[in-house]
Amino acid sequence: MATYLISDLHLDETRPDITRAFFAFLKGEAANAEALYILGDFFEVWIGDDDDAPLADEVARQLRQYSDKGTALYLMHGNRDFLLGEDYAQRCGATLLPDPSLVELADSPVLLMHGDSLCTLDQEYMAFRQQARNPQWQQALLAKPLEERRQIAAQIRAVSKSMNSRKAEDIMDVTPDEVMGEMRKHQVHTLIHGHTHRPARHPLTIDGQAAERIVLGDWGDQGWCIRAEKNGLELIHWPTAD
Ligand code: MN
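Enquirer: How would you explain the pattern of salt bridges if you had to name every residue and give the values?
Expert: Enumeration over the complete set of coordinates arrives at 22 salt bridges. Arg157 is paired through a salt bridge with Glu44; the nearest N and O atoms lie 3.1 Å apart. Of the two residues, Arg157 sits in helix α6 (residues 146-165) while Glu44 sits in the loop between β2 (35-39) and α2 (54-68), which places them 113 residues apart along the sequence. On the basis of relative accessible area, Glu44 is assigned to the buried category, the value being 15%.

Enquirer: Give me the lowdown on the packing of aromatic side chains, citing residues and values where you can.
Expert: Under the definition given, this model contains 16 aromatic pairs. Plain terms: the ring middles of Phe25 and Trp219 are 5.7 Å apart, the flat faces sit at 85° to each other, and that makes the pair edge-to-face. Pair noted here: Phe25 is in helix α1 (residues 16-27) and Trp219 is in the loop between β9 (209-215) and β10 (222-229), with a separation of 194 residues, a long-range link. Trp219 gets classed as buried once you look at its relative accessible area, which sits at 4%. With a centroid separation of 4.7 Å and an interplanar angle of 45°, the aromatic rings of Phe43 and Trp46 are classed as tilted. Across the pair, exposure class does not vary: Phe43 and Trp46 are buried alike.

Enquirer: Talk me through the sheet that holds strand β6 (residues 108-112); I want residue IDs and the actual numbers.
Expert: Strand order in the open sheet formed by 5 strands is β5-β6-β7-β9-β8, with mixed pairing between adjacent strands. The open sheet has two edge strands, β5 (101-105) and β8 (200-206), and neither has a second partner. On average, adjacent strands in this sheet sit at an angle of 25° to one another, irrespective of strand direction. The pairing of β5 with β6 spans 5 bridges and is antiparallel.

Enquirer: Lay out α6 in plain terms, naming residues and giving numbers.
Expert: One full turn of an α-helix is made of 3.6 residues, so residues set three or four places apart face in the same direction. Counted at 1.5 Å a residue, the expected span for α6 with its 20 residues is 28 Å, and the 29 Å between its end C-alpha atoms agrees. Every buried residue belonging to α6 is among Leu146, Arg149, Ile152, Ala153 and Met163, and all of these are buried. Seen from one end, α6 has its buried residues packed into an arc of 115°, which puts them on one side. Away from its buried face by more than 90 degrees, α6 exposes Gln155, Lys161 and Ser165. Buried residues along α6 sit in contact with α4 (123-132) and α5 (135-142).

Enquirer: I'd like to hear about the nonpolar core, residue by residue, with values.
Expert: Counting 40 residues, the largest nonpolar core has Phe22 and Phe42 as its most contacted members. At the level of secondary structure, the elements contributing two or more residues to this core comprise β1 (3-6), α1, β2, α2, β3 (72-76), α3 (86-92) and β10. Ignoring anything within four residues of it in the chain, the contact list for Phe22 reads Ile6, Leu9, Leu11, Ile38, Phe42, Leu63 and Trp219. Counting 16 residues, the second largest nonpolar core, distinct from the first, contains Leu5, Ala35, Tyr37 and Met76.

Cut-offs used in this document
- Residues numbered from 1 in each chain as written.
- Predicted model: local features only at pLDDT ≥ 70, side-chain atom pairs only at ≥ 80, totals over all residues.
- Heavy atoms only, no water.
- Salt bridge = Lys/Arg side-chain N within 4 Å of Asp/Glu carboxyl O.
- Helix = DSSP H or I, 4+ residues; strand = E, 2+ residues; numbered from the N terminus.
- Buried < 20%, exposed > 50% of the residue type's maximum accessible area, 1.4 Å probe, protein only.
- Phe/Tyr/Trp six-rings, centres within 6.5 Å; stacked < 30°, edge-to-face > 60°.
- Pairing = 2+ DSSP bridges.
- Axes fitted to C-alpha atoms, helices over the stretch in contact; angles between N-to-C directions.
- Expected span 1.5 Å × (residues − 1).
- Arc of directions from axis to C-beta.
- Contact = heavy atoms within 4.5 Å.
- Core = buried A, V, L, I, M, F, W, Y, C linked by side-chain atoms within 4.5 Å.

Have a look at this one:
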């Protein structure tokens, strides 16, 4: 039996094709999986578990059906859906995973992260991240009416878009020292993350030993996943067109 990892689907009402590709993935490649890990930015935006948008409802229904068939389902927050809470996870039959999380894949310890915390050169974003992960800030935001939260989310996205367009390429990527530091701290030779939308397998050497950082891709014209089986990990992509 295989375990699957995905991230950065950025599910959104404006991209029904990606939602369809995800549902097809649950019924196809990932059907009967032992576990499915969703490593953040599953949704393009999340304004609270009380959001009455039909997309969140439909995704919860499909995930519940999927997890009821016996697949262990895990959700990690990304920088877009950090407000996703226990209520919604329960509706999906999923467990919320802390970032980072240490798991066992293909008989080896593997560190899972969304990846935004590794982009330490982006100081503007790191400051926002610290604020956004503050429980008091989150509670104050969640206490606002849905309509107001929708507007705030749109503003945050617009500001982040214009900031990102002015940032150098290497600032938007992970900081190599941060990657090494996290892998050493957790004593792993494999790190899996998403967020940067730069899917690749990066061989590394840590203290003279072979190691690897595997980056999941964001879903668009292609879907991306890692398939973990006894004999190892595979980074796979396929066209999402239907
Ligand atoms: Mn992200």
